[in-house]
Amino acid sequence: MAFTAAEIKNLALQEINHETITNWSDSSNTDIPIINTQYALAKSVALTMYQWSWAFKYATLAGVDNTGTQLTKYKKTFTLPTDFAGYLACYTNEQLTILADYVAVGTTIYSNSDTLYIKYIAIVDEGIFPPEFVDWFKIFLAQRLNGYLNGDMQRQQLLNSEEPFYFRKAKNIDSKRNKHESLSGNPLLWIRGKIGGGI
């Protein structure tokens, strides 16, 4: 089942016993801006809380001359993709040789390589969210919405107790469904697929 952002927002609203919304363009509904803001923040955080296999992307970046005054020891700068959510790994070639010397500042990478191959977590569309991720994310979002829309402390305690269970469940299912190959010497670096290929 493919989910939409509106569906997930309403699932979270149901978790706090709040009326669901059918018209997200209703300017008279003062809850909508709050929900939209909290949703965007929660989505960005949730995607980077674990190395979700379905959120990985690869990209090839072309460097431009570093003509600035920062980090002048590096001859090239690279701009991260616009859908970048979390930086995971940087390589010097398609054989995935790890780049050891670089600095990332904001959306810019400084390096002496002419081309970089990166693997990163992206801000992906809700349509690829697995059901187990949505089961967790609706609670993760509801935790944030409850304080703004309800202020129900008993409901907050319940959400806080449920969230860790569903987070672990989502991680475990993802891990079993998508075996990661850990690179020797770098347990944080997980490789699946090839540069430019599918995950």
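See the structure above.
Calculation notes
- Residues numbered from 1 in each chain as written.
- Predicted model: local features only at pLDDT ≥ 70, side-chain atom pairs only at ≥ 80, totals over all residues.
- Heavy atoms only, no water.
- Salt bridge = Lys/Arg side-chain N within 4 Å of Asp/Glu carboxyl O.
- Helix = DSSP H or I, 4+ residues; strand = E, 2+ residues; numbered from the N terminus.
- Pairing = 2+ DSSP bridges.
- Axes fitted to C-alpha atoms, helices over the stretch in contact; angles between N-to-C directions.
- Parallel < 35°, antiparallel > 145°, perpendicular 65-115°, else oblique.
- Left-handed = near helix turned anticlockwise from the far one by under 90°.
- Contact = heavy atoms within 4.5 Å.
- Buried < 20%, exposed > 50% of the residue type's maximum accessible area, 1.4 Å probe, protein only.
- Lys, Arg positive; Asp, Glu negative; His and termini not counted.
- Phe/Tyr/Trp six-rings, centres within 6.5 Å; stacked < 30°, edge-to-face > 60°.
- Expected span 1.5 Å × (residues − 1).

So what exactly am I meant to see when it comes to the pattern of salt bridges here?
Counting across every chain of the model gives seven salt bridges. We note a salt bridge from Asp-101 to Lys-73, for which the minimum N-O separation is 4.0 Å. In this pair, Asp-101 is assigned in the loop between strand E4 (84-91) and strand E5 (103-105) and Lys-73 in the loop between strand E2 (64-65) and strand E3 (76-79), connecting sequence segments 28 residues apart. Residue Lys-75 pairs with Asp-114 through a salt bridge whose shortest N-O separation is 3.9 Å. Taken together, the residues Lys-75 in the loop between E2 and E3 and Asp-114 in the loop between strand E6 (108-111) and strand E7 (115-122) connect sequence positions 39 residues apart.

Would you mind going over the pairing of E3 with me for this structure?
The two faces of the sheet receive side chains in turn, since in a regular strand these alternate between them. Across two bridges, the pairing between E2 and E3 is antiparallel. Bridging from a neighbouring strand, Val-64 pairs with Thr-77 of E3. Sheet topology places E3 next to E6; four bridges connect them, and they run antiparallel. Across the sheet, the residue bridging to Phe-78 is Ile-109, located in E6.

In this structure, what is going on with the packing of helix H1 (residues 5-15) against helix H3 (residues 131-149)? I would like to understand it.
Angle between the axes and distance between the axes: these two values describe a pair of packed helices. Here H1 crosses H3 at 60°, and the two axes come no closer than 8 Å. Of the possible angle classes, the one that applies to H1 and H3 is oblique. Between H1 and H3 the crossing geometry is right-handed. When H1 is examined against H3, the residues Ile-8, Lys-9, Leu-11, Ala-12, Leu-13 and Glu-15 are found in contact with a partner set consisting of Val-134, Phe-137, Lys-138, Ile-139, Leu-141, Ala-142, Leu-145 and Leu-149.

Just checking my understanding: could you explain the side chain of Glu-163 for this structure?
For Glu-163, the location among the structural elements is in helix H4 (residues 153-177). Within the buried core, Glu-163 has no salt-bridge partner, and the shortest N-O distance to an opposite charge, that of Arg-144, equals 6.9 Å. In this structure Glu-163 touches Trp-136, Ile-139, Phe-140 and Gln-143, once residues within four positions along its chain are discounted.

Teacher, can you tell me more about the sheet that holds E2 here?
Two strands in a sheet stick together by hydrogen bonds in their backbones, pointing the same way (parallel) or opposite ways (antiparallel). Pairing in this open sheet of four strands is antiparallel, and the strands run E2-E3-E6-E5 from one edge to the other. Each edge of the open sheet is held by one strand with a lone partner, namely E2 and E5.

How should the packing of aromatic side chains be read in this particular structure?
Each aromatic ring pair is specified by the distance between its two centres and by the angle formed by the two planes. On inspection of all chains with the given rule, the structure shows 17 aromatic pairs. Between Tyr-50 and Trp-52 the ring centres are 4.8 Å apart and the planes differ by 70°, which places this aromatic pair in the edge-to-face class. Since its relative accessible area comes to 15%, Tyr-50 is described here as buried. Here Trp-52 falls in the buried class, since its relative accessible area comes to 0%. Plain terms: the ring middles of Trp-52 and Phe-133 are 5.1 Å apart, the flat faces sit at 80° to each other, and that makes the pair edge-to-face.

Sorry, what's going on with H4 here?
Each turn of an α-helix holds 3.6 residues, which means side chains three or four residues apart point in the same direction. Over its 25 residues, H4 extends 36 Å from the first C-alpha to the last, a length consistent with the 36 Å expected when each residue adds 1.5 Å. When H4 is considered as a whole, its buried residues turn out to be Gln-156, Leu-159, Glu-163, Phe-167, Ala-170 and Asp-174. Against the buried residues of H4 lie H1 and H3.

Quick question: what am I supposed to make of the side chain of Thr-77 here?
Following the sequence through the fold, Thr-77 ends up in strand E3. The exposure class of Thr-77 is buried, given its relative accessible area of 15%. Those residues within four positions of Thr-77 in sequence are excluded, and the remaining contacts are Ala-62, Gly-63, Val-64, Asp-65, Asn-66, Thr-108, Ile-109 and Tyr-110.

Looking at this structure, how should I read the sheet that holds E7?
Pairing is antiparallel across the open sheet formed by three strands, whose spatial order is E1-E7-E4. Strands with a single pairing partner mark the edges of an open sheet, and in this sheet they are strand E1 (56-62) and E4. Sheet twist, expressed as the mean angle between neighbouring strand axes with direction ignored, is 35°. Relative to E7, E4 runs antiparallel, the two sharing six bridges. The residue bridging Phe-84 from the neighbouring strand is Ala-122, located in E7.

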